[in-house]
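So the chains spell out like this:
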Amino acid sequence: MRHARQRRYLMCPPTYFTVSYEINPWMHKDEPTDTARAVAQWENLRDTYLRLGHTVELIDPLPGLPDMVYTANGATVVDGIAYTAKFRFPERQPESPAFEAWLAADGFAIAQAEQVNEGEGDILFTERAILAGTGFRTDHAAHLELQETFGRPVVSLHLVDPRFYHLDTALAILTDDHLITYYPGAFSPGSRRILERLYPDAIIAEEADALHLGINCVSDGLHVIHSPWAVGLAEQLRARGFEPIAVDTSELLKGGGGAKCCTLELREAAWSAAAGPEDEEDVASPRSRWKTTTAPA
Ligand code: ARG
């Protein structure tokens, strides 16, 4: 049985969305963008979250910062602490203080990052460990800073394919504790072996889905919001007891992002307790915490 957990998300309307610079292989300055279409798709994504009972907070978009719609990069927020982003490219650097100000005003304790990191683009949380990407954007040194900030173990994963420049383009957390999906081709051989060891029951995503950023999906534990192109992944999710919901974010894909990129989860101090076990049986034996419940709902 899968359970949805109520989430609190931070989003930013794509009022100033366009592609005016190229910092990942998906971005092409010469390809026209349709801001009104981006806004309509973004509104549909927000409304989908609201319909599912989640809370959506909004940060004001700033002119000249077209990538601010990708709020996942704005910080990492867990246990009531916001670890600030420090962007690799100058084009995005002014976003960080804006996110920090919003999070401080909302009551989060601010942990100022010294190391380059792009928030939940590269930093994903499960109860067991923080999965952190490096290779393109987030510096490996940030992983140690993360570990010290949150007192949670970090598993470093090395990204090797520039199309999957952020961890969340190649790997998604499906349940708070144990279930993930990922595309192996995005990772170094060593990192692939780590994922196989730690998550033997992961859903292995196919290249066709990965190539449309289909893995950039958002799960509340039951519903998974994904791109309509991620046909194979949707099928696999259904077989594992999830309810996949296709939401078109194709205009925002021109900036190199999908649903997950547009969504920053805000986790309060009580997050771990609230997350709880996914399944009663899994608490019984510690060993079983390393396994996945595969029975469909
Ligand atoms: N254009 C943005 C960049 O390259 C896209 C960010 C996508 N966000 C994400 N969480 N993967 O920085």
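Shown above is the structure to which this text applies.
The paragraphs below set out a description of the structure included in this document. If you're wondering where the values come from, they're calculated on a predicted model, not measured in any experiment. (Residues numbered from 1 in each chain as written. Predicted model: local features only at pLDDT ≥ 70, side-chain atom pairs only at ≥ 80, totals over all residues.)

### Regarding the pairing of strand S7 (residues 130–134)
Looking along a regular strand, one sees the side chains alternate between the two faces of the sheet.
So, step 1. Among the five residues of S7, five are classified as buried, and the element is accordingly described as predominantly covered.
So, step 2. The alternating pattern of S7 places Ile130, Ala132 and Thr134 on one face and Leu131 and Gly133 on the opposite face, and all of these are buried.
So, step 3. When strand S6 (residues 123–125) meets S7, the two strands line up antiparallel, connected through three bridges. Across the sheet, leucine 124 pairs through a bridge with leucine 131, a residue of S7.
So, step 4. Connecting the antiparallel pair S6 and S7 is a turn made up of four residues.
So, step 5. As defined by bridge partners, S7 adjoins strand S8 (residues 154–158) across five bridges and the pair is classed as parallel. Along S8, the bridge assignment pairs threonine 134 with histidine 158.
So, step 6. Once the chain exits S7 it traverses helix H3 (residues 140–150) before rejoining the sheet at S8, and the crossover so formed is right-handed. (Buried ≥ 20, exposed ≤ 12 C-beta atoms within 10 Å, placed from the backbone. Helix = DSSP H or I, 4+ residues; strand = E, 2+ residues; numbered from the N terminus. Pairing = 2+ DSSP bridges. Right-handed = clockwise from strand over helix to strand, strands pointing away.)

### Describing the sheet that holds strand S9 (residues 171–173)
So, step 1. Spatially, three strands are ordered S9-S10-S11 in an open sheet, and the strand pairing comes out mixed. The open sheet has two edge strands, S9 and strand S11 (203–204), and neither has a second partner.
So, step 2. With three bridges joining them, S9 and strand S10 (residues 180–182) adopt antiparallel strand pairing. Following the sheet pairing, isoleucine 173 is matched in S10 by isoleucine 180.

### Remarks on the nonpolar core
So, step 1. Within the largest apolar cluster, 72 residues are counted, with the highest numbers of intra-cluster contacts made by Leu159, Ala170, Leu171, Ile215 and Cys262.
So, step 2. Take this core: its biggest share by element is four residues, from helix H1 (residues 35–51).
So, step 3. Apart from residues no more than four positions distant in its own chain, leucine 171 is found in contact with Leu124, Leu131, Ile180, Tyr182 and Ile215. (Core = buried A, V, L, I, M, F, W, Y, C linked by C-beta atoms within 7 Å. Contact = placed C-beta atoms within 7 Å.)

### Quick word on the site of the ligand
So, step 1. The immediate surroundings of the ligand are formed by 16 residues, with Ala72, Gly121, His166, Gly257 and Cys261 found nearest.
So, step 2. For the shell around the ligand, the residue count by class is five nonpolar, eight polar and three charged. (Near = placed C-beta within 6 Å. Nonpolar A, V, L, I, M, F, W, Y, C, P; charged D, E, K, R; others polar.)

### Thoughts on the sheet that holds strand S4 (residues 81–84)
So, step 1. The sheet built from three strands is open, its strands ordered S3-S4-S5 with mixed pairing. Lying at the two open borders of the sheet, with one neighbouring strand each, are strand S3 (75–78) and strand S5 (109–111). The sheet shows a mean angle of 25° between the axes of neighbouring strands, direction not considered.
So, step 2. Here S4 pairs with S5 via three bridges, running parallel. Following the sheet pairing, tyrosine 83 is matched in S5 by alanine 111.
So, step 3. Together, S3, S4 and S5 form the strand contacts of helix H2 (residues 95–105), whose direction differs from that of S3 by roughly 20°.
So, step 4. Of the strands in this sheet, S3, S4 and S5 are in contact with H3, which crosses S4 at around 165°. (Axes fitted to C-alpha atoms, helices over the stretch in contact; angles between N-to-C directions.)

### What about the pairing of S3?
So, step 1. Here S3 shows a buried face lined by Ala75 and Val77 and a second buried face lined by Thr76 and Val78.
So, step 2. Here four bridges tie S3 to S4, and the two strands are oriented antiparallel to one another. If you follow alanine 75 over to S4, its bridge partner there is threonine 84.
So, step 3. The hairpin formed by S3 and S4 contains two residues between the paired strands, and aspartate 79 there has a positive phi angle of roughly 55°.

### Some details on the environment of threonine 15
So, step 1. Within the secondary structure layout, threonine 15 lies in the loop between strand S1 (8–11) and H1.
So, step 2. For threonine 15, a count of 16 C-beta atoms within 10 Å gives the class partly exposed.
So, step 3. Separated by 108 residues in the primary sequence, threonine 15 and isoleucine 123 have C-alpha atoms spaced 26 Å apart.

### Things to note about unusual backbone geometry
So, step 1. Despite not being glycine, aspartate 79 has its phi angle at roughly 55°, a positive value.
So, step 2. Its location among the elements puts aspartate 79 in the loop between S3 and S4.
So, step 3. Owing to 18 C-beta atoms within 10 Å, aspartate 79 belongs among the partly exposed residues under this scheme.
So, step 4. Here leucine 213, not a glycine, exhibits a phi torsion of approximately 55°, which is positive.
So, step 5. Relative to the assigned elements, leucine 213 resides in the loop between helix H5 (207–210) and strand S12 (218–219).
So, step 6. By C-beta crowding, leucine 213 is classed as buried, having 29 other C-beta atoms within 10 Å.

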